[in-house]
Amino acid sequence: MTAYTVLILLVALERLAELLVARRNAAWSLARGGVEYGRGHYPAMVALHTGLLLGCLLEVHYAARPFVPLLGWPMLALAVGAQGLRWWCIRTLGPRWNTRVIVVPGLPLVAGGPYRWLRHPNYLAVVVEGFALPLVHTAWVTALCFTALNTWLLATRLRCEDAALLRCRVLA
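Quick caveat, the model's predicted, so the values are computed rather than measured.

Conventions we followed
Residues numbered from 1 in each chain as written. Predicted model: local features only at pLDDT ≥ 70, side-chain atom pairs only at ≥ 80, totals over all residues. Heavy atoms only, no water. Helix = DSSP H or I, 4+ residues; strand = E, 2+ residues; numbered from the N terminus. Expected span 1.5 Å × (residues − 1). Contact = heavy atoms within 4.5 Å. Bend = angle between axes of the 7 residues up to and from the residue. Buried < 20%, exposed > 50% of the residue type's maximum accessible area, 1.4 Å probe, protein only. Axes fitted to C-alpha atoms, helices over the stretch in contact; angles between N-to-C directions. Parallel < 35°, antiparallel > 145°, perpendicular 65-115°, else oblique. Left-handed = near helix turned anticlockwise from the far one by under 90°. Nonpolar A, V, L, I, M, F, W, Y, C, P; charged D, E, K, R; others polar.

1. Focus on helix α1 (residues 3-31)
Over its 29 residues, α1 runs 42 Å from end to end, which matches the ideal 42 Å to within 8%, given 1.5 Å per residue. Check the buried side of α1 and you find it contacts α2 (42-62), α3 (69-93), β2 (101-103) and α4 (121-135). One or two steps after α1, the chain reaches Gly33, where phi turns positive at roughly 85 degrees.

2. Describing α4
In a regular helix each residue adds 1.5 Å, so 15 residues correspond to 21 Å; α4 covers 21 Å between its end C-alpha atoms and thus fits that length. Taken as a whole, α4 carries its principal kink of about 30 degrees at Glu129. α4 sits mainly inside the fold: 12 of its 15 residues count as buried. Those residues of α4 that fall on the buried side of the exposure criterion are Pro121, Asn122, Tyr123, Ala125, Val126, Val128, Glu129, Gly130, Ala132, Leu133, Pro134 and Leu135.

3. Examining the packing of α2 against α4
It is the contact of α2 with α4, at a shortest axis distance of 9 Å, that shows an interaxial angle of 20 degrees. By the angle between their axes, α2 is roughly parallel relative to α4. Our pair here, α2 against α4, has a crossing hand that is left-handed. Within the contact between the two elements, α2 uses His49, Leu52, Leu53 and Cys56 and α4 uses Val126, Gly130, Leu133 and Pro134. Per-class residue counts for the contact of α2 with α4 are six nonpolar, two polar and no charged.

Here you go:
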């Protein structure tokens, strides 16, 4: 097993940890009157993120993509940094963080942690990871495909999340 395969498996395990946290947090939010928005795009998001990991492995293996240190090491640093930013977001939002859009009416927006500087820092982590992780091992087709599809999906997700937050703030 190559080091890159191990890296992708570690990211897959990290994703499973996220899903466990999200499930626990969804129960917390729903118990407090949380409302879920954007269910329609969620399966596409899961499929795209699963496709990212599979694409990384398949392209590197079948297209015999080399590890190019001048590209690979900086991309690894970006991918690890994206994971750090993602978990900073999770920690900052606490039980309000989720992979789904679930908003508890009446709760104020979080303005601490990375949210001091960015409105949606978790999505910055997704964007950076989406191109950096494949490029660790020069899987440029996967990086391009994920980035293109994620641009469309993220635009949908941001509209959904912003509308949900606005609606709950107006109703609160």
